[in-house]
Amino acid sequence: MRQKTTHNENLVALKRIEGQIRGIQKMITECRYCVDILTQLHSIVGAILKVEDKIFRKHVEGCVTKAFERESKIEKLKKIDEVVTLIHRFRKI
C-alpha cells in the first residue's frame, strides 16, 4: 500500500502568498502606484514558483523514485511520461 505524500510544510508559504494577494487587492482599491503593485505581483510569482519547485522535487524524490523501486516497466514509463508532461506544461507558461 502506498503512503500518501503530504505537502503541509508548504501551507505557511501559501498563507503568506494569500496575505500578499489580499495586500495587492487593497493596493488596487487604494489606487496605489502601478509600479508598486507590479513589484508585489512579481514577489508573489516568485513565492509561488518556490512552492511549485518544492512540490515538484518532492514528487520526483518520493513518488517517482518509489515507482522505480517497486513498479513494473509499464508503470515506470507512465511516471516518466507524467514528469515530461509536467515539464512541458510548465514551459508553456
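This one's a predicted model, so the numbers in the text were calculated from it and none came from an experiment.

Draft legend 1. Representation of the pattern of salt bridges within the structure. Counted according to the given criterion, the structure contains seven salt bridges. Here glutamate 61 and arginine 57 are joined by a salt bridge, their closest N and O atoms 2.9 Å apart. Here the residue glutamate 61 and the residue arginine 57 both occupy positions in helix α2 (residues 34-70), the gap between them amounting to four residues, near one helical turn. What makes glutamate 61 partly exposed here is its relative accessible area of 49%. Glutamate 82 is the salt-bridge partner of lysine 79, the closest N and O atoms lying 3.5 Å from each other. Of this pair, lysine 79 and glutamate 82 both sit in helix α3 (residues 73-91), three residues apart, roughly one helical turn. Several salt bridges share partner residues, and in doing so they unite Lys26, Glu30 and Arg32 into one network.

Draft legend 2. The arrangement of unusual backbone geometry in detail. Of note, the phi angle at cysteine 31 is positive, near 55°, even though the residue is not glycine. Residue position: cysteine 31 is located in the loop between α1 (11-29) and α2. According to the relative accessible area criterion, cysteine 31 is exposed, its value standing at 69%.

Draft legend 3. Layout of the nonpolar core. The biggest cluster of nonpolar side chains holds six residues, and these are Ile17, Ile24, Met27, Ile37, Ile44 and Val51. Those elements that provide at least two residues to this core are α1 and α2. Residues contacting valine 51, with those up to four places away along its chain left out, are Asn10, Ala13, Leu14 and Ile17.

Draft legend 4. View of the packing of α1 against α2. Two numbers describe how α1 lies on α2: the axes approach to 10 Å, and their chain directions differ by 165°. Classified by the interaxial angle, the pair formed by α1 and α2 is roughly antiparallel. When the axes of α1 and α2 are compared, the crossing they make is left-handed. Contact residues: α1 offers Ala13, Leu14, Ile17, Gln20, Ile21, Ile24, Met27 and Ile28, while α2 offers Asp36, Ile37, Gln40, Leu41, Ser43, Ile44, Ala47, Ile48 and Val51. Along the lines of polarity and charge, the residues of the contact of α1 with α2 split into 13 nonpolar, three polar and one charged.

Draft legend 5. Inspection of the state of the cysteines at higher detail. Overall, the coordinates contain zero disulfides when judged by the stated rule. Counting only cysteine sulfurs, cysteine 31 is the nearest neighbor of cysteine 34, a cysteine outside any disulfide, at a range of 9.7 Å. Its relative accessible area of 54% is what places cysteine 34 among the exposed residues.

Draft legend 6. A look at the environment of glutamine 20. Within the element layout of this structure, glutamine 20 appears in helix α1. A C-alpha to C-alpha distance of 7.0 Å links glutamine 20 and isoleucine 44, two positions 24 residues apart in sequence. Within the local environment of glutamine 20, its side chain forms a polar contact with the side chain of serine 43, the two groups lying 3.3 Å apart.

Thresholds applied
Residues numbered from 1 in each chain as written. Predicted model: local features only at pLDDT ≥ 70, side-chain atom pairs only at ≥ 80, totals over all residues. Heavy atoms only, no water. Salt bridge = Lys/Arg side-chain N within 4 Å of Asp/Glu carboxyl O. Helix = DSSP H or I, 4+ residues; strand = E, 2+ residues; numbered from the N terminus. Buried < 20%, exposed > 50% of the residue type's maximum accessible area, 1.4 Å probe, protein only. Core = buried A, V, L, I, M, F, W, Y, C linked by side-chain atoms within 4.5 Å. Contact = heavy atoms within 4.5 Å. Axes fitted to C-alpha atoms, helices over the stretch in contact; angles between N-to-C directions. Parallel < 35°, antiparallel > 145°, perpendicular 65-115°, else oblique. Left-handed = near helix turned anticlockwise from the far one by under 90°. Nonpolar A, V, L, I, M, F, W, Y, C, P; charged D, E, K, R; others polar. Disulfide = S-S within 2.5 Å. Polar contact = N/O pair within 3.5 Å; in protein donor to acceptor, adjacent residues only side chain to side chain.

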